Amino acid sequence: MSKKKPLSKGQLRRMRANQNKRLSRKEANADNQEIQDNLLGPEQAGVVISRFGQHADIETEYGTITRCNIRRNISSIVTGDKVIVRLATEVQAGSGIGGVVEAVHPRTSSLTRPDLYDGVKIIAANIDQILIVSSVLPSFTTQIIDRYLVACEDTDIQPIIILNKMDLLDDDNREEIEQALSRYEQIGYQVFQVSSHTGEGVAAIKALLNDKVSIFAGQSGVGKSSLINALMPDAELLVGDISDNSGLGQHTTTTAKLLHLQSGGDIIDSPGVREFALWHLPADRVGWCFIEFREYIGMCKFRDCKHGDDPGCALQEALAEGKITQDRFANYQRIIASLDESRHARYFRPQE
């Protein structure tokens, strides 16, 4: 039997085009089944609580939450978006759809995450601050914190660093972790220590959230869901344990959701990621996102300085003089080294 000949790139493109046409026809048919305009009420303001495919749960200014269709001309909608919605005056039995999202207001901020298959994806919108949660277990690492800090600086969203599970600090790890956290405080970042298990430090975190839209970011297993449960017990989010085999947290959250604090403020609980990819950023932008590097950027002897062994490197000189720390500089170099690797993986990803 002869070996089946692989499809050419042209054949693959035609196949994908046909699939897209079929999907478009399916979506068009779904639009035809949307609530008729004469059954929709007046326009009103709303906020996206969560997004599910072609539908979104919308909370109106009156506090009601309704699952709505999304107009096809709306290209992007995520949790936290401010929208214009029309609710149905009559809901068709069994449909579960009670309105239509008509428009999305411009965003004041958006948190994005690059995806190897889908490009840059928006995770959530209109965020005031990002609480970067690390913990004693899984093993504390500044590499992940610095990746999140770069993402925050790039999107101009205020970051706050939180060490969770402080009750697990002991003589073996306390000095190293506290020194690392002190380095972040010295360059201007807010740092808090908390234990969602004992409740220590929870009140200070709750005060940070008043009148803000906040999002918790961090590796799986650092206790984001446990911390949110401690802040608002009525949320009852699923909490994952630490894997006995890998020492990594088990992924628990699956869909981004906007939650309200009784004390004021909102939390967006979003799917956790173990590492924040940054391949969409140019190297000079990454350097700018290390805030203590900014006064030295552009001061190197050569314009194309790679900040390695290059002569006259301003960053290397600042490092030698103790103006930037070895830990942060090493993490910067790791991020820069990973950029080309990630772009290479994206460019040569398998075609589907």
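Report on the accompanying structure. Here the structure is a predicted model, which means the values were calculated and not measured. (Residues numbered from 1 in each chain as written. Predicted model: local features only at pLDDT ≥ 70, side-chain atom pairs only at ≥ 80, totals over all residues. Heavy atoms only, no water.)

### Re helix 2 (residues 142-155)
Which entries qualify depends on this criterion: The secondary structure listing takes helices from DSSP runs of H or I that are at least 4 residues long and strands from runs of E that are at least 2 residues long, numbered from the N terminus. Any helix carries an expected span of 1.5 Å times its number of residues minus one. Between buried and exposed lies partly exposed: a residue is buried under 20% and exposed over 50% of the maximum accessible area for its type, with that area taken using a 1.4 Å probe on protein chains only. N or O atoms within 3.5 Å of each other form a polar contact, as long as, within protein, one can give a hydrogen and the other can take it, and as long as residues adjacent in sequence are counted only when both atoms are side-chain atoms.
Helix length check: helix 2, at 14 residues, gives a terminal C-alpha distance of 20 Å against a target of 20 Å (1.5 Å per residue), a fit within 8%. Across the 14 residues that make up helix 2, a large majority, twelve, are buried. Regarding helix 2, its N-cap is T141, as a side-chain oxygen of that residue lies 3.1 Å from the backbone nitrogen of Q143 further along. Positive phi shows up at D156, right after helix 2, with a value of about 60°.

### Regarding the nonpolar core
Within soluble globular proteins, side chains that are nonpolar tend to cluster in buried spots. Worth spelling out the cut-off: In these notes, a set of buried Ala, Val, Leu, Ile, Met, Phe, Trp, Tyr and Cys residues joined through side-chain atoms within 4.5 Å is what counts as a nonpolar core. Contacts are assigned to residue pairs that have any heavy atoms within 4.5 Å of one another.
Membership of the largest hydrophobic core comes to 31 residues, with the highest contact counts inside it found for I127, I130 and I161. Contributions of two or more residues to this core are made by strand 1 (40-52), strand 7 (119-125), strand 8 (129-135), helix 2, strand 9 (158-164), helix 3 (174-186) and strand 11 (213-217). Among the elements that line this core, the one with the most residues is helix 2, at five residues. Ignoring any residue separated from it by four or fewer positions in sequence, one finds I161 in contact with I132, I145, L149, L181, Y184, Y189, Q190, V191 and F192.

### Section: the sheet that holds strand 3 (residues 65-70)
What counts, and what does not: Here, any two strands with at least 2 DSSP bridges between them count as paired. Axis lines are fitted through C-alpha atoms, for helices just across the contact stretch, and the angle between N-to-C directions can take any value from 0 to 180 degrees.
Taken in spatial order, the five strands of this closed barrel run 1-2-3-5-4, and their pairing is mixed. In this sheet, neighbouring strand axes are inclined to one another by 50° on average, regardless of whether the strands run parallel or antiparallel. Pairing of strand 4 (residues 82-88) with strand 5 (residues 99-104) involves five bridges; the strand directions are antiparallel. Directly across from I84, in strand 5, lies its bridge partner A103.

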